[in-house]
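So the chains spell out like this:
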Amino acid sequence: MKIHFNYIINLKDYKEEITIVARPWFKHVVKGNPTEIEIPEISLPQMLKKTVAQFKDNIAISFYDKTFTYGQFYHIVQRVASAFNKLGVKKGDRVALMLPNCPQYPISYYAALQCGAIVVQVNPMYRANELVHTLNDSGTKLIIAYDKVIPVIEAIKDKTPLETVLSVSFEDPTCSFNSLLQDVGDQIPQVDLNPKEDVAILQYTGGTTGRSKGAMLTHYNVVANTMQSAATSHVNLTFGAERILTIVPLFHVLGMTVGMNMAVYLGSNLILLPKFEVEEVLEAIKRHRPSNFPGVPTMYIALLNHPKLQEVDMTCFRTMTCGSAPLPVEVLNHFNSKSGAQISEGFGLSEASPVTHRNPCKGLQKPGSVGIPIPNTDAKIVDIATGIQEMPVNEVGELVIKGPQIMKGYWQKPEETASAIRDGWLYTGDLAMMDEDGFFFIVGRKKELIIASGFNVYPVEVEEVLYTYPKVLEAAVIGVPHPYRGETVKAYIVLKDGEEATAEEIIAFCKKHLATFKVPELIEFRQEMPKSTVGKILKKVLKEQLEENQIS
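Everything numeric here is computed off the predicted structure, so don't read it as measured data.

Participant: Explain the overall build of the protein chain to me, using residue names and the numbers behind them.
Facilitator: On a plain count of helices and strands, the protein chain comes out with 14 helices and 28 strands. For the protein chain, the residues scored as buried account for 60% of the 552 residues in total. Element-wise, carbon and sulfur atoms account for 50% of the exposed surface of the protein chain, whose accessible area totals about 22,800 Å².

Participant: Explain the sheet that holds strand β10 (residues 214–218) to me, using residue names and the numbers behind them.
Facilitator: With respect to topology, seven strands assemble into an open sheet ordered β8-β7-β5-β6-β9-β10-β20, the strand pairing being mixed. The open sheet has two edge strands with one neighbour each: β8 (164–168) and β20 (409–410). Bridge count between β10 and β20: two bridges; the pairing is antiparallel. Bridge assignment links Met216 to a residue of β20, and that residue is Gly409. Packing against the sheet, helix α4 (residues 128–138) makes contact with β5 (94–98), β6 (118–121), β7 (142–146) and β9 (199–204), and its axis sits at approximately 150° to β9.

Participant: Describe the sheet that holds strand β27 (residues 486–495), naming the residues involved and giving the relevant values.
Facilitator: Strand order in the open sheet made by the three strands is β26-β27-β28, with mixed pairing throughout. Unpaired on one side and paired on the other, β26 (472–482) and β28 (522–525) mark the two borders of the sheet. Each adjacent strand pair in this sheet contributes to an overall mean axis angle of 25°, direction not counted. In the sheet, β26 pairs with β27 via ten bridges, with the strands oriented antiparallel. Within β27, the residue paired with Pro481 across the bridge is Glu487. Packed onto the sheet, helix α12 (residues 459–467) meets β26 and β27 and runs at close to 145° relative to β26.

Participant: Give a description of the environment of Asn456 that names residues and reports values.
Facilitator: Looking at the element boundaries, Asn456 is found in strand β25 (residues 455–457). Take Asn456: its relative accessible area is 35%, and that puts it in the partly exposed class. If we skip the residues at most four places from it in the chain, Asn456 touches Leu449, Ile450, Ile451 and Phe517.

Participant: How would you summarise the nonpolar core if you had to cite specific residues and measurements?
Facilitator: Formed by 99 residues in total, the largest nonpolar core has its most connected members in Phe84 and Tyr109. Broken down by element, the residue count for this core peaks at eight residues, all from helix α2 (residues 70–86). The next biggest cluster of nonpolar side chains, apart from the first, holds 68 residues, and it includes Val331, Val355, Ile478 and Met529.

Participant: Before we move on, could you go through empty space enclosed by the protein and cite the residues and values that matter?
Facilitator: Summed over the entire model, instances satisfying the criterion amount to three cavities of 30 Å³ or more. For the second largest cavity, the calculated volume is near 40 Å³. As for the second largest cavity, its lining consists of Ala60, Ile61, Tyr70, Phe73, Pro106, Met260, Ala263, Val264 and Leu270. With three residues, helix α7 (residues 253–266) is the largest single contributor of residues to the lining of the second largest cavity. Counted by class, the lining of the second largest cavity contains nine nonpolar, no polar and no charged residues.

Participant: Which residues make up α2, and what values do they have?
Facilitator: The terminal C-alpha atoms of α2, which comprises 17 residues, lie 24 Å apart, in line with the 24 Å expected from a rise of 1.5 Å per residue. Most of α2 sits out of view: twelve of its 17 residues are buried. Gly88, located one to two residues past α2, shows a positive phi value of around 100°.

Participant: How would you sum up the pairing of strand β3 (residues 59–63)? Please name residues and give values.
Facilitator: Counting buried positions along β3 yields four of five residues, so the element is predominantly enclosed. When β3 meets strand β4 (residues 66–69), the two strands line up antiparallel, connected through four bridges. Within β4, the residue paired with Ile61 across the bridge is Phe68. Count of turn residues in the β3/β4 antiparallel hairpin: two residues, of which Tyr64 carries a positive phi of about 55°. Judged from the two bridges that link them, β3 and strand β12 (residues 269–272) form a sheet pairing that is parallel. Residue Ile61 lies in a different strand from β12, and its bridge partner there is Leu270.

Basis of the calculations
- Residues numbered from 1 in each chain as written.
- Predicted model: local features only at pLDDT ≥ 70, side-chain atom pairs only at ≥ 80, totals over all residues.
- Heavy atoms only, no water.
- Helix = DSSP H or I, 4+ residues; strand = E, 2+ residues; numbered from the N terminus.
- Buried < 20%, exposed > 50% of the residue type's maximum accessible area, 1.4 Å probe, protein only.
- Areas by Shrake-Rupley, 256 points an atom, 1.4 Å probe, with all protein chains shown as cover.
- Pairing = 2+ DSSP bridges.
- Contact = heavy atoms within 4.5 Å.
- Axes fitted to C-alpha atoms, helices over the stretch in contact; angles between N-to-C directions.
- Core = buried A, V, L, I, M, F, W, Y, C linked by side-chain atoms within 4.5 Å.
- 1 Å grid on protein atoms, 1.4 Å probe; cavity = no way out; pocket = protein on both sides within 12 Å on 5 of 7 lines; lining within 4 Å.
- Points joined across faces, edges and corners; volume = space filled by probe spheres on them.
- Nonpolar A, V, L, I, M, F, W, Y, C, P; charged D, E, K, R; others polar.
- Expected span 1.5 Å × (residues − 1).

Printed below as a string of structure tokens:
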């Protein structure tokens, strides 16, 4: 059951209702969102150059009290590209960025791409072993890093191919990378790039189901997904006028595409914050009045539960999106009612640059759904056993996706690539179902599926119930070994500030809303959850900690 949406579009009036005509059983109406867009075969540096030509005097970046117009930003990018060229960076070389959100990130990113290099995105919170793996696997020789993490890099440098380490600082008022730009000359590299073939980004997967792998994203992949993402919101977007508040890390594929690159594509003001602190975010909203906010579930949960949220006028937002992990329906509905803003939930993964699905900004939305495939994207649900048979409506299987944003493959891993991409379809490893209206629902990862007494238990379903309990702030569900049932359900819970609860009352609540085999038998209360840098709860870590405790 392949889905490819075709809309009848009146280009003169986006307010006109547009009917999906893909199948006769599509009854709903979506307003204004095209599903077929023309994607030019251009590189990321060419995309930037086009924007600079049109919006030279627009504010490109805001970072606390610093601002850069597109003209200033482009000038610095060209000078840094010249400096990289002088250091010997050439086409195909890997250049790692190990930075929090700051102006130096997009500058380094576009400068490296200008040289034809491949950007390796590195989490500045990486431990030594994670950093060694990434640098060795990618063969990186040059890294640009936040000055606070330089000691970590120096400690492992001789175990990697690294030759050059460049330090940047927030305190550098000109973002000139200290002495890097001294006497760089005027030789700006001009490199021929094949957008569909040349890799732009090595985006290392989170490693939640195994050793982290480098997803090879071409220039065309990233440009396509940037334009696809913009097209899903085009009824709410104006070129040259948007203000995108970006706290999701730029080294994460979500922040890279729907924050940094979408800002560049639209000629928007990219408002950067290096980390998520609720009061700082609320102050940024007051000061900058952003129109667009790409977020993740933990950000919305934290904002929702902060007492000062009601003091901030949220009507400046026209587009609020949520990705990285499922947003509990209770949180979605509560945030929308309290803020007055409408969150549009979506779905993506590193291997897809990352966005593949999204709830329409106008028209029908379904809470709990990740929406419909974005423009130029096909999606279907196949059986878990063979990955071939298409599943009926409302039945669970593996989500597979095809589109221009799908990666070229995994870096130097042909076998893993062949397993992940079959006949052009990306096998996501995510369990999902599609309803009669063509909306997709993620129910979990294949490797997170719990089989209790022979019954399938999807963690997301249990978590949704837990989030409706008024005392629960965060919840995560995993399967643990059981001598009789094979596996049983364990729930980890963080309570809201000032609340107290017992395992018995949580279990009693679940029994009212879940079949017996889905009810958690084990409850563990925590002060906090282990999380990724974008706030995704790391169930892999919870399982590892459980195994360590059992061994000890």
